[in-house]
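A structural walkthrough
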Amino acid sequence: MDSQATIPSATVILPYVLRAKAGNHKSIMVAGSTIREIIDALDHDFPGLQFNLCYETGELRPFVNIFLDRENIRYLQGLETPVQMGATIHILQSVAGGCPDTLTAPAEPLRRKL
Amino acid sequence: MSQQKAYSPGTVLVLVGTKRGLFLLTSRDRETWEVETTALKGRRIFFATLDQREGQRLYAAENGDFFGTFLRYSDDFGQTWHEPEVGIQFPEGGQQKLENIWTIVPGHPNEAGTIYAGIDPASLWVSTDSGVHWEINPGLANHPTRDRWEPGAGGLCLHTIVADSSNASRMWVGISAVGCMRTDDGGQNWVFANKNTRADFLPEKYPEFGQCIHRFVQHPTKTDVLYQQNHCGIYKSMNAGDDWIDIQHNLPSDFGFPIALDAHNPDTVYVIVEDQDGRNNVNEQFTVYRTVNGGEEWQSLTEGLPAGPGVRLGVLRHGMCTDTLDPCGVYVGTNTGQLFATNNRGDSWRLIADFLPPIYSVTATVLV
């Protein structure tokens, strides 16, 4: 039995800013049983792409959203969410406007004093 | 290294890292300036620098809002950018993750290709092939006190690197809120260099480490002399950081972020102290402060700088720099997008760019 045949394939829709890193493809067919396997496969084909999506620790970056057939995987099983054959996976950046400066500013605030 | 875009030798290039993009300002006479964008439009650029030891390679620290943090380099003044083959990343599956890249510093003049980067979480990274491959400095990463280092609100960031211009084995780094550290053996071992610098926010006011250092610079000829802007004071060291002397004197605040030095008159130092609560000018006059005698007294430089009840300008730690010309040029970028410059050591100032995104860093280079 061909083990490849048992691994579902999904269509991954990439955000504009990541397409240059993925051969300028808007969408890619990728095989994987879970979202994490999908990301691993993406990184195999396009080295470095995983780092755009996940920290070195393996956790998904906070402002990266992955939707499996329109469901945000954060509300499913995260990166371990199973992927069904023919699924569509959207990778999107969060709507992060209004984020407090304390999350992003490189100034040296008073945290030590608080 | 390919070169598609070129500027005349002698051109002053000011790299301006902002919350939304990297900008280039160029001038032949430091009177008229041209402002250009780069391909890093909209990107969050903490820092950028130009290395001219071998060609002209521009490095930028892009701390992305969404898809990660990357050091990038460009050989055509920012028109196209490359990622390292082995970038600044911790091992996969480990406990540490790259938060932000804070500074990028070329190494010694006789070590072309060696370049350093400081990041959050506090660590020093080294490339010996002009940024293509990077590795962590294990001596600092495995320092025996490492598990007791505490972050400032900006993170546990290594934001300042001074590679000793006279001794390739000696280097200092600044970490918030750990303090100044020095190696004398090429990065194998690191010692704290914080004696007599305050940590007003800790029970122990003069700890061995835990100070919130903000920035420091090295005297170009008396290489044991360092000047430091700290969260709690302005200091000078005469002995490579073994101890420090408080040189606040007549400055109206002990709090500020940037510090810079006149390469041709290295007893001339510039700081911008701020109101600690507002993190902007102390009174209604935006002011750069200058000492011409190594910190014995400070002059208020205000000619051409704005004043008024609505003037509240802040300058971040990498928001001020000098060029290497004589008379010295000084460049000050605010966190509200104004860029001021002087071509006469600070005697008078001009606004050379406005309406930029919040400015994180400025670096000036005289092109060869």
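What counts, and where the lines are drawn
- Residues numbered from 1 in each chain as written.
- Chains lettered and ligands numbered in written order.
- Predicted model: local features only at pLDDT ≥ 70, side-chain atom pairs only at ≥ 80, totals over all residues.
- Heavy atoms only, no water.
- Pairing = 2+ DSSP bridges.
- Helix = DSSP H or I, 4+ residues; strand = E, 2+ residues; numbered from the N terminus.
- Salt bridge = Lys/Arg side-chain N within 4 Å of Asp/Glu carboxyl O.
- Buried < 20%, exposed > 50% of the residue type's maximum accessible area, 1.4 Å probe, protein only.
- Axes fitted to C-alpha atoms, helices over the stretch in contact; angles between N-to-C directions.
- Contact = heavy atoms within 4.5 Å.
- Buried area = accessible area lost by both parts, 1.4 Å probe.
- Nonpolar A, V, L, I, M, F, W, Y, C, P; charged D, E, K, R; others polar.

1. Let's talk about the pairing of strand 5 (residues 88-93) of chain A
All names here are of chain A. With three bridges joining them, strand 1 (residues 9-13) and strand 5 adopt parallel strand pairing. Residue pairing across strands places V12 opposite I89, the latter belonging to strand 5. The pairing of strand 3 (residues 64-68) with strand 5 spans five bridges and is antiparallel. Bridge assignment links L68 to a residue of strand 5, and that residue is I89.

2. Examining the pattern of salt bridges
All names here are of chain B. Applying the stated criterion across every chain, the model contains 21 salt bridges over all chains. Among the ionic pairs, R43 bridges to E62, the shortest N-O distance being 3.1 Å. Of this pair, R43 sits in the loop between strand 3 (34-41) and strand 4 (45-51) while E62 sits in strand 5 (residues 57-63); the two residues are 19 residues apart in sequence, bridging distant segments of the chain. Residue R43 is classed as partly exposed on the basis of its relative accessible area of 29%. By relative accessible area, which is 6% here, E62 ends up buried. Between R44 and D65 there is a salt bridge whose closest N-O contact spans 3.2 Å. You can see R44 sitting in the loop between strand 3 and strand 4 and its partner D65 sitting in the loop between strand 5 and strand 6 (69-74), a full 21 residues away along the chain. You can call D65 partly exposed: its relative accessible area is 21%.

3. Describing the sheet that holds strand 20 (residues 269-273) of chain B
Residues and elements named next belong to chain B. Spatially, four strands are ordered 19-20-21-22 in an open sheet, and the strand pairing comes out antiparallel. Of all strands in the sheet, those with a lone pairing partner are strand 19 (256-261) and strand 22 (299-301), marking the two edges. Looking at each pair of strands side by side, their axes are set apart by 30° on average, direction ignored. Pairing between strand 21 (residues 288-291) and strand 22: three bridges, direction antiparallel. Paired with Y289 across the strands is S300, a residue of strand 22.

4. Here we look at the sheet that holds strand 17 (residues 233-237) of chain B
All names here are of chain B. Spatially, 15-16-17-18 is the arrangement adopted by the four strands of the open sheet, whose pairing is antiparallel. Edge positions in the sheet fall to strand 15 (213-218) and strand 18 (245-246), since each has one partner strand and no second. Direction of pairing for strand 15 relative to strand 16 (residues 226-230): antiparallel, over a ladder of five bridges. Residue pairing in the sheet places V217 in a bridge with Y227 of strand 16.

5. What to know about the interface of chain B and chain A
The figure often quoted for interface size is the accessible area lost as the parts come together. Listed as interface residues are 44 residues of chain B and, on the opposing side, 30 residues of chain A. Together, the buried faces of chain B and chain A total about 3100 Å²; carbon and sulfur atoms form 57% of this surface. Where chain B touches chain A, the interface holds two salt bridges. In this structure, E59 of chain A and K97 of chain B form a salt bridge, with 2.9 Å as the shortest nitrogen-oxygen distance. For the side of chain B that touches chain A, the class distribution of residues is 20 nonpolar, 14 polar and 10 charged.

6. Structural notes on the pairing of strand 25 (residues 339-342) of chain B
Residue and element names in this part refer to chain B. Of the two faces of strand 25, the one lined by L339 and A341 and the one lined by F340 and T342 are each fully buried. As judged from the four bridges shared by strand 24 (residues 330-333) and strand 25, these two strands associate in the antiparallel manner. Bridge assignment links Y331 to a residue of strand 25, and that residue is A341. Hairpin connection, strand 24 to strand 25: the antiparallel pair is bridged by five residues, and G337 has positive phi, about 90°. Pairing geometry for strand 25 and strand 26 (residues 350-353), over three bridges, is antiparallel. Bridge assignment links A341 to a residue of strand 26, and that residue is R350.

7. Points about the side chain of N72 of chain A
Residue and element names in this part refer to chain A. Positionally, N72 belongs in strand 4 (residues 71-72). Of the residues examined, N72 reaches a relative accessible area of 12% and is grouped as buried. Setting aside chain neighbours within four positions, we find N72 in contact with N65, I66 and F67.

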